[in-house]
Amino acid sequence: MTKSRPVPRTRRTLAAGALAAAVLATSACAGTAHPAAGAAYQLTDATPAAAGPIDSFTWSLFGEPTSIDYAYSFDFPPNQILANVCESLLRWNPDLTTSPSLATSYSNPTPTSWVYQIRPGVHFHDGTVLTADDVVASLRRNLDPAVAGDWTSPYRNVKSVDKTGPLQVTVTLNTPDSTFNKYMAASPGTVESAATLAKDGKNYGNPADGVNCTGPFAFSSWTSGQSLVLKRFDDYWDPQLKAKAAQVKFVFLSDPTTRVNAFRTGEVDGGWMVPPDAYGQLRSSPAGTLYFGQNTTVSDEVVNNLKGPLGDVRVRQALLMAIDRKGIVKAGAGGVGEVANSLVTANNWSGAPGTAAADALKALPAYPYDPAKAKALAAQAGVAGQKIVIATSPLDSQTTIITQAVAQAATAIGLKPEIDTISADKYTALFTDPAARQGIDLFLTFWYTSITDPLDMYAGLQTGAFSNYGGWSNPQFDAAVNQAVGAYDPAAHAAATEQAQQTAMTQLPWLPLYTEPVSVFLGKRITGVRPSIAYLYYPWAAEIGAKG
Amino acid sequence: MTADVTAPAAAANAVTARAVTARLASVAGSAVRRLLGMAATLLVTSFLVFSSLYLAPGDPASFLVRGRSPSPQELAAIRHQYGFDDPFPVRYWHWLDGVLHGDFGRSYLFHQSVWEVLWSRLPATLLLVGVSTLMIAVVGIGAGIVGALRNGTRTGSAVLLLVTVGAAVPSFVAAIMLRSVFGVRLGWFPTIGNGAGVLDRLHHVVLPAIALSVTFMALVTRVTRSAMLDELRREHVEVALSRGVPRPTVIRRHVLRNALGPITTVCGLLISGMLVSTAIVETAFGMSGVGSLLVQCVDELDFQVVQAIVLLVVAAFVVVNTLVDLVYPLIDPRVRTAGGAR
């Protein structure tokens, strides 16, 4: 399994990006590649542009979506399909900026209101025209307890969503929220036809009924368990992103080896999230090319129990210092990744003004690999000989290698680690069910953000937040996050966020391990995609066409 | 001479006709009894399946609210919406009532009726199990016969060796080897998917079916071989052979026919057991079938689908074994007599 899936089924934190977004036109710098500092791989912004249209291509997913209703789309498979079918008010671009999409402009006349001007002349896939009513009905679903969608958290400060003109929608907040608008470039900002929502009801987004949106591809068919087919939408409003392929077929292949074999035989033309242990094999494969792009994902050990030995901050710091993170990147991630000193990537800061991003990075406490110093630090806490339980699941070599390395580190600082190997289903349950987390001190996750903002991660560690699994609580941290959420001024927003990050990285409620780029494999028939984590919301498949 | 032969023959025919009628009546009677037993078994199973799933750890409501912290009111609303707050007997009754009307409920996971979810996966699994069954029957029994008849020769030893190797290869190992050799390296067979159209589907199912049935083929070969050897050593066989009855006739009439009993029983058990062993093979070949669906739905606590699949598998077990029981007396006269006396 690659990251995310069952094992560390990533709960993506949502981080939102640049407020300054609207200004930026989509800049496609074809073929620029820049090596990541001192690494054995390079990041690619764009693959060679497509030479022309193509009839069809096949794309692999590591799992089948359970629904393509945007309200339940909170995982890689549904989001990478929907990104091409349904559009949001704003668009998250491959360079992690945002730009207008179904909203031509937006404004923030008072701290508690966001006004969206809706694009005229946009057609849904069934031919009907987009109106403000469609936007209102779509956004309101996120507030509806009967829908019980996955995206209620970005809406936690929303009071109401109303039509304020034929093509204008106003969102009223209870309290200022600087992240709300950023989420309008992700699933929470998705717009579906109000008539379709009403007609399909509970069946909306299921294999039989599909969806009716405005994107460059329209839902065509979904054979449960096997494949989902999209076809080009000829009335698409944005000439820049008109689909080059007449059809895309997504196939669901959960076994990583099966996926890699399908790449090698050409049965599948491409896929995101290549299993790291196949990097070597695919780099030298004549079947196609492996690319790496910008990501917002960090692999972390979640400290789940603060009542045990890890309750002492010195022990958490010592453990992090004793983990050979460079070794993990080398052995577990095929050398493709960087040791992380924060729970978010530098990319999350790209929306911050001036040198804020660089400053935040410089100010971070570092935990260089030093087992001797770590042992001494842990000795001060007097936890020698105490047991900790590290949960893992036998899903891929990466997970196993990381878990072994963490256990080794625990031994090095005098703890008695016990590895608890649990099934994939149980592992997934760790992220949602407190009962499943009983008796576990540490577990691994690959956590990404859905917006370009570190707050997406850090808001999840506030006291009582859903993903604050260990029940960590720090008043200073909570106050800093609240201040950052309420701060519209980019400089003030960044400053408060940095303060929260400082606290978190000193206290280590989670232990950051490493960041890794997005990986994508393209078979020899196709090209044109821009490798970036934005594939979860950006219509990436529209840019794929035939190779010269 | 001719007349001498004809008269007893006519009498024999009359006797046979009477015997056939009696046999049919007895078979019909036992069939009805068995069908009733089958229904009872299914009812008991349905109760066990339903209750055991609700005793299993994990709360489907917590799955439904994944990704966020619901307020107690929200959680209560969800539990009410899905009927999780009804008392157990009420829930069981609702479910059973639905099942009896052909309604297995709605999948939490797929936002679809369980029947639709199952229907999209059943054909692939049935084809896989069907082709595997055919392979087991033809190859397994065939090799067993050869092994018994050529016992002590080189061919016989070769069969024994293959059986030992085959029985030791788990299906996931077979899947990996078949896929990399015949799929990736030689490119003779597709490595993923179910295929479309009859020939393409068969093309897709060959490797998975071999992977699934390799162990079972070996088992059936072993059982067939030893059952045949047992029969070959019997006195009446030796007598028939010494009296000059042609060897093929003896083998067909006495040896194989008598050996078929244990062979059928083993085949029946294996075939119904196969339904639950398809998950690994389906995953390895990127096929979509009931096995992989079961694993996924257990993972995600989608109880409605799990219940339907388990019930389906139990039903298949019961039906196949009932069929075996019904066929048994038709092929083995000794059982028939015993059955008739009952």
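Residues numbered from 1 in each chain as written. Chains lettered and ligands numbered in written order. Predicted model: local features only at pLDDT ≥ 70, side-chain atom pairs only at ≥ 80, totals over all residues. Heavy atoms only, no water.

Colleague: Can you explain the state of the cysteines? Please cite residues and give values.
Modeller: Residue and element names in this part refer to chain A. For the coordinates displayed, the defined rule picks out one disulfide over all chains. A sulfur-sulfur distance of 2.0 Å marks the disulfide that ties C86 to C213. Here the disulfide of C86 and C213 is right-handed, its torsion about the S-S bond being about 70°. Residue C86 is found in the loop between α1 (76–82) and β4 (87–88), and its partner C213 is found in the loop between α4 (194–200) and β12 (217–223); the two are separated by 127 residues along the sequence. (Disulfide = S-S within 2.5 Å. Helix = DSSP H or I, 4+ residues; strand = E, 2+ residues; numbered from the N terminus.)

Colleague: Explain empty space enclosed by the protein residue by residue, including any values.
Modeller: One way to see where empty space is left: roll a probe the size of a water molecule over the atoms. Residues and elements named next belong to chain A. On inspection of all chains with the given rule, the structure shows four cavities of 30 Å³ or more. Estimates place the volume of the second largest cavity at around 140 Å³. For the lining of the second largest cavity, the elements supplying multiple residues, two or more each, are α1, β4 and β5 (90–92). Of the residues belonging to the lining of the second largest cavity, the class tally is ten nonpolar, five polar and two charged. (1 Å grid on protein atoms, 1.4 Å probe; cavity = no way out; pocket = protein on both sides within 12 Å on 5 of 7 lines; lining within 4 Å. Points joined across faces, edges and corners; volume = space filled by probe spheres on them. Nonpolar A, V, L, I, M, F, W, Y, C, P; charged D, E, K, R; others polar.)

Colleague: Now, about the environment of Q304 of chain B: what can you tell me, with residues and values included?
Modeller: Residues and elements named next belong to chain B. With respect to the helices and strands, Q304 occurs in helix α12 (residues 303–331). Sequence spacing of Q304 and Y108 is 196 residues, and the spatial spacing of their C-alpha atoms is 7.7 Å. Excluding residues that lie within four positions of it along the chain, Q304 makes contacts with W95, F104, G105, R106, Y108 and V114. (Contact = heavy atoms within 4.5 Å.)

Colleague: Got a sec to walk through helix α7 (residues 313–322) of chain A? Specific residues and values, please.
Modeller: Residues and elements named next belong to chain A. Here α7 lies mainly inside the structure; eight of its ten residues are buried. Considered for burial, the residues of α7 that qualify are V315, R316, Q317, A318, L319, L320, M321 and A322. Where α7 begins, the capping side chain belongs to D312, and its oxygen is found 2.8 Å from the backbone nitrogen of R314. (Buried < 20%, exposed > 50% of the residue type's maximum accessible area, 1.4 Å probe, protein only. Polar contact = N/O pair within 3.5 Å; in protein donor to acceptor, adjacent residues only side chain to side chain.)

Colleague: Can you break down unusual backbone geometry residue by residue, with the values?
Modeller: All names here are of chain A. Positive phi outside glycine occurs at L96, with the angle close to 70°. Mapped onto the secondary structure, L96 falls in the loop between β5 and β6 (98–100). Backbone geometry at M273 places phi at a positive 60°, although glycine is not the residue there. Tracing the chain through its elements places M273 in the loop between β15 (270–272) and α6 (279–283).

Colleague: Tell me about the interface of chain A and chain B, and name the residues and values.
Modeller: Listed as interface residues are 39 residues of chain A and, on the opposing side, 34 residues of chain B. With both sides pooled, the region where chain A packs onto chain B buries about 3200 Å², and carbon together with sulfur makes up 48% of that total. Put simply, chain A and chain B have two salt bridges between them. Put simply, E64 of chain A and R121 of chain B hold a salt bridge, and the shortest N to O gap is 2.7 Å. Counting across the interface, chain A meets chain B through ten residue pairs in polar contact (both at pLDDT 80 or more). Elements represented by at least two residues in the side of chain A that touches chain B include exactly α5 (256–265) and α12 (424–430) of chain A. It is α5 of chain A that provides the largest number of residues to the side of chain A that touches chain B, a total of six residues. Grouping the constituent residues of the side of chain A that touches chain B by class yields twelve nonpolar, 16 polar and eleven charged. (Buried area = accessible area lost by both parts, 1.4 Å probe. Salt bridge = Lys/Arg side-chain N within 4 Å of Asp/Glu carboxyl O.)

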